[in-house]
Amino acid sequence: DAKTTQPNSMESNEEEPVHLPCNHSTISGTDYIHWYRQLPSQGPEYVIHGLTSNVNNRMASLAIAEDRKSSTLILHRATLRDAAVYYCILRARVGGATNKLIFGTGTLLAVQP
Amino acid sequence: DAGVIQSPRHEVTEMGQEVTLRCKPISGHDYLFWYRQTMMRGLELLIYFNNNVPIDDSGMPEDRFSAKMPNASFSTLKIQPSEPRDSAVYFCASSLSTAGCEKLFFGSGTQLSVL
């Protein structure tokens, strides 16, 4: 399985933008890039995913490098409620028995008031 | 939809006792996953089902763990006998498919403490 590398932790100030990086240099041409986050005492929740183009939704934006070997999750205005562990995960385009969602260690984001 | 529902929210038991964790997936989702989370090992996939059939149980730690899915709306994860090292948060998740674009929906988890 293609691996991802994320910083262990990051800090941000409230109401400022946050850029969470993820390296995936061994990504294949058909892998989707997914982001999940886990708030304290909760299960992981889906944030966003993309394949080649940048993506926006109500929660965040995903910027994908042209060579797809890295991506950045962007929270445009961090709030205290965004403090969580953020996971960057690769999934093959085609489903199947081996296409499991495997979590790494993620980035622990702290948001300061 | 109420989302993925897990019960109990917390379970405290003594070593050697049988523990049963329960999960109700989102209606219409064909895939159900059981994960375990500890500080040391993070989130680990234990087993997953497709249309009530176990597809991959390679993550199940040992024979003391078993999982069933008798119908599309219910799954159990059983530990017998339980041991202190089984203490963890167990999450259930469901999804429509395993396609790369598909997302998983997680329950709130069961915090298991084995004394």
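The paragraphs below set out a description of the structure included in this document. (Residues numbered from 1 in each chain as written. Chains lettered and ligands numbered in written order. Predicted model: local features only at pLDDT ≥ 70, side-chain atom pairs only at ≥ 80, totals over all residues. Heavy atoms only, no water.)

### Here we look at the overall build of chain B
For the record, the criterion: Where helices and strands are cited, they refer to DSSP runs of H or I of at least four residues and of E of at least two residues respectively, numbered from the N terminus. Buried, partly exposed and exposed residues are distinguished by accessible area as a fraction of the type maximum, computed with a 1.4 Å probe on protein chains only: under 20%, between the cut-offs, and over 50%, respectively. For every accessible area listed, the method is Shrake-Rupley and the probe measures 1.4 Å; residues are considered covered only by the protein chains on display. The sign given to each residue is positive for Lys and Arg and negative for Asp and Glu; His and the chain ends receive no count. A charged residue contributes its charge at one atom only: NZ of Lys, CZ of Arg, CG of Asp or CD of Glu.
Across its full length, chain B carries zero helices and eleven strands. Start at the N end of chain B and walk to the C end: the helices and strands fall as β-β-β-β-β-β-β-β-β-β-β. Sorting the 115 residues of chain B into buried and exposed places 50% on the buried side. Summed over its atoms, the accessible surface of chain B is roughly 5,500 Å², and 50% of this surface lies on carbon and sulfur atoms. Distance between charge centres in chain B, computed from 10 positive and 13 negative side chains, equals 3 Å.

### A word on the sheet that holds strand 1 (residues 9–13) of chain A
Sheets are built from strands that pair by backbone hydrogen bonding, the pairs being arranged parallel or antiparallel. All names here are of chain A. In plain terms, the rule: By this definition, two strands are paired if DSSP reports at least two bridges between them. Angles run from 0 to 180 degrees between N-to-C directions of axes, and those axes are lines fitted to C-alpha atoms, restricted for helices to the stretch in contact.
If you walk across this open sheet you meet the five strands as 1-9-8-3-4, and the pairing is mixed. This sheet does not close on itself; its edge strands, each paired only once, are strand 1 and strand 4 (45–50). Strand-to-strand, the axes of this sheet are offset by a mean angle of 25°, without reference to chain direction. Judged from the three bridges that link them, strand 8 (residues 84–92) and strand 9 (residues 107–112) form a sheet pairing that is antiparallel. By the bridge assignment, Ala84 is partnered in strand 9 with Leu109.

### Remarks on the packing of aromatic side chains
Rules: Between 30 and 60 degrees the pair is tilted, below 30 it is stacked and above 60 it is edge-to-face, where a pair is any two Phe, Tyr or Trp rings, Trp via its six-membered ring, whose centres lie within 6.5 Å.
For the structure on display, the rule yields ten aromatic pairs over all chains. An angle of 85° between the planes, with centres 5.7 Å apart, marks the rings of A:Phe103 and B:Tyr35 as edge-to-face. Taken together, the residues A:Phe103 in the loop between strand 8 and strand 9 and B:Tyr35 in strand 4 (residues 31–38) connect one chain to another. Judged by centre distance (6.5 Å) and plane angle (20°), the rings of B:Tyr31 and B:Phe33 are stacked. Summarising the burial analysis for this pair, B:Tyr31 and B:Phe33 share the class buried.

### Looking at the layout of surface pockets
The criterion, for reference: Cavities and pockets are found on a 1 Å grid laid over the protein atoms alone: a cavity is a set of points where a 1.4 Å probe fits but cannot escape, a pocket is an open set with protein on both sides within 12 Å along at least five of seven lines, and a lining residue has an atom within 4 Å of such a point. Grid points are joined across faces, edges and corners, and a volume is the space filled by probe spheres set on the points. All residues other than Ala, Val, Leu, Ile, Met, Phe, Trp, Tyr, Cys, Pro, Asp, Glu, Lys and Arg, Gly among them, are scored as polar; the first ten of these are nonpolar and the last four charged.
Looking at the largest pocket, its volume works out to about 630 Å³. Residue lining of the largest pocket: 29 residues in total, with A:Gln38, A:Val85, A:Tyr87, B:Gln37 and B:Met39 positioned closest to the centre. Elements with a contribution of two residues or more to the lining of the largest pocket: strand 8 and strand 9 of chain A together with strand 4, strand 5 (42–50) and strand 9 (88–95) of chain B. A per-class count over the lining of the largest pocket returns 13 nonpolar, 14 polar and two charged.

### Some points on the interface of chain A and chain B
Using the following cut-off: Only heavy atoms matter for contacts: two residues are in contact if any of them lie within 4.5 Å across the pair. Accessible-area loss on putting two parts together, using a 1.4 Å probe and summing over both, is the definition of buried area adopted here. For this analysis, a polar contact is any N or O atom pair within 3.5 Å, provided that within protein one partner can donate a hydrogen and the other can accept it, and provided that sequence-adjacent residues contribute only side-chain to side-chain pairs.
On the side of chain B, 20 residues touch chain A, which itself brings 23 residues to the contact. At the boundary of chain A with chain B, total buried surface from both sides reaches about 1,600 Å², with 52% on carbon and sulfur atoms. Between the two partners, chain A and chain B, sit six residue pairs in polar contact (both at pLDDT 80 or more). If you list the elements that add at least two residues to the side of chain A that touches chain B, you get strand 3 (31–38), strand 4 and strand 8 of chain A. No other element matches the four residues that strand 3 of chain A contributes to the side of chain A that touches chain B. Of the residues belonging to the side of chain A that touches chain B, the class tally is ten nonpolar, ten polar and three charged.

### Examining the sheet that holds strand 7 (residues 65–71) of chain B
Residue and element names in this part refer to chain B. The antiparallel open sheet is built from four strands, whose spatial order is 1-3-8-7. The sheet is open, and its two edges are formed by strand 1 (5–7) and strand 7, each paired on a single side. Taken over all neighbouring pairs, the strand axes of this sheet differ in orientation by 20° on average, direction set aside. Here five bridges tie strand 7 to strand 8 (residues 74–79), and the two strands are oriented antiparallel to one another. The residue of strand 8 that forms the bridge with Lys68 is Thr76.

### Comments concerning the pairing of strand 5 of chain B
All names here are of chain B. Burial of strand 5 is extensive: eight of the nine residues sit out of reach of the surface. Looking at chain direction, strand 4 and strand 5 are connected through eight bridges and run antiparallel. Counted as the bridge partner of Tyr31 is Asn50 from strand 5. A loop of three residues connects strand 4 with strand 5, the two strands running antiparallel in sequence. Note that strand 5 and strand 6 (residues 53–56) share three bridges and pair antiparallel. Paired with Tyr48 across the strands is Asp56, a residue of strand 6.

Any link to function would need more than the numbers given here.
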